[in-house]
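Residues per chain are reported as follows:
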Amino acid sequence: LVGAVLSTIWSRLLKPYSSRAAGNDARRWQWLEQGFLTETSYEDSGLYKLAKQMAVELHQMTLGELPKFEMYEQGSQIRRSSKSIVANFVEGYGRRHYKAEYIKFLTYALASCDETKAHLELLHETGSLPSDRFQYFYNNYRKIGAMIYNLRQSVIKEHAK
């Protein structure tokens, strides 16, 4: 019974407002399946969850594992860039009905992801970050970057129509 009620609410009340044209439904469902978007909140997206988890772990690592001289210089920079990924994705999601704004903030998030990877490389190459920790963070940030890039490309394609 609950499923039928939710289905009815979705089909009659919410679905007509979920996209501007019937052709957008297929793309929207693809984004949902890939974990990029949900009907209710950015908080349920796979991209948000991974980016936030990595920002928290990176924050803890920079305060607990880096040498003191790196904690306030490179550590501060990498903490800001990793948190910027999350913040820009969330702000872009909030502006998703304005496609140019959404694309702009996804671009900022992607740039912050690249900045975070560059800081990881510098920490590793200067001997401040062990190889195993570098590989863990770098691989996750590569995945986050790919997710942002693919989402941005999908939004750009929809925007061009």
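Rules behind the numbers
Residues numbered from 1 in each chain as written. Predicted model: local features only at pLDDT ≥ 70, side-chain atom pairs only at ≥ 80, totals over all residues. Heavy atoms only, no water. Helix = DSSP H or I, 4+ residues; strand = E, 2+ residues; numbered from the N terminus. Buried < 20%, exposed > 50% of the residue type's maximum accessible area, 1.4 Å probe, protein only. Contact = heavy atoms within 4.5 Å. Phe/Tyr/Trp six-rings, centres within 6.5 Å; stacked < 30°, edge-to-face > 60°. Core = buried A, V, L, I, M, F, W, Y, C linked by side-chain atoms within 4.5 Å. Expected span 1.5 Å × (residues − 1). Axes fitted to C-alpha atoms, helices over the stretch in contact; angles between N-to-C directions. Parallel < 35°, antiparallel > 145°, perpendicular 65-115°, else oblique. Left-handed = near helix turned anticlockwise from the far one by under 90°. Salt bridge = Lys/Arg side-chain N within 4 Å of Asp/Glu carboxyl O.

Caption draft 1: Structural detail: the overall build of the protein chain. Across its full length, the protein chain holds seven helices and zero strands. Along the protein chain, from the amino end to the carboxyl end, the secondary structure elements read α-α-α-α-α-α-α. Relative to its full complement of 161 residues, the protein chain shows a buried share of 42%. For the protein chain, the share of sequence-separated contacts (at least 6 apart) that also reach a separation of at least 24 residues comes to 68%.

Caption draft 2: Spotlight on the packing of aromatic side chains. Taken as a whole, this structure holds six aromatic pairs when the rule is applied. Seen from their ring centres, Tyr42 and Tyr93 are 6.0 Å apart, and the 65° between their planes marks the pair as edge-to-face. Pair noted here: Tyr42 is in the loop between α2 (24-33) and α3 (46-64) and Tyr93 is in helix α5 (residues 74-94), with a separation of 51 residues, a long-range link. For Tyr42, a relative accessible area of 23% translates into the label partly exposed. The class of Tyr93 is buried, set by a relative accessible area of 4%. When the ring of Tyr136 is compared with that of Phe137, the centres are 5.2 Å apart and the planes differ by 70°; the resulting orientation is edge-to-face. Exposure remark for Tyr136: the relative accessible area of 31% places this residue in the partly exposed category. Of the residues examined, Phe137 reaches a relative accessible area of 0% and is grouped as buried.

Caption draft 3: Structural detail: the nonpolar core. Ranked by internal contacts, the top residues of the largest apolar core, which has 32 residues, are Leu120, Tyr141 and Ile144. Of all elements in the fold, only α3, α5, α6 (99-125) and α7 (131-160) reach the threshold of two or more residues within this core. The biggest single contributor to this core is α7, with nine residues.

Caption draft 4: The arrangement of α6 in detail. The end-to-end C-alpha separation of α6 is 39 Å, in line with the 39 Å expected for 27 residues at 1.5 Å each. Just past α6, the residue Gly127 takes up positive phi, approximately 85°.

Caption draft 5: Summary view of the packing of α5 against α6. Running from N to C, α5 and α6 cross one another at 160°; their axes reach a closest spacing of 8 Å. When the axis of α5 is compared with that of α6, the two are roughly antiparallel. Crossing hand, α5 versus α6: left-handed.

Caption draft 6: The pattern of salt bridges, seen in detail. Taken as a whole and judged by the stated rule, the model has five salt bridges. Here Glu101 makes a salt bridge to Lys104, at a shortest N to O gap of 3.6 Å. Of this pair, Glu101 and Lys104 both sit in helix α6, three residues apart, which is roughly one turn of the helix. Among the charged side chains, a network of salt bridges with common partners joins Glu91, Arg95, Glu101 and Lys104.

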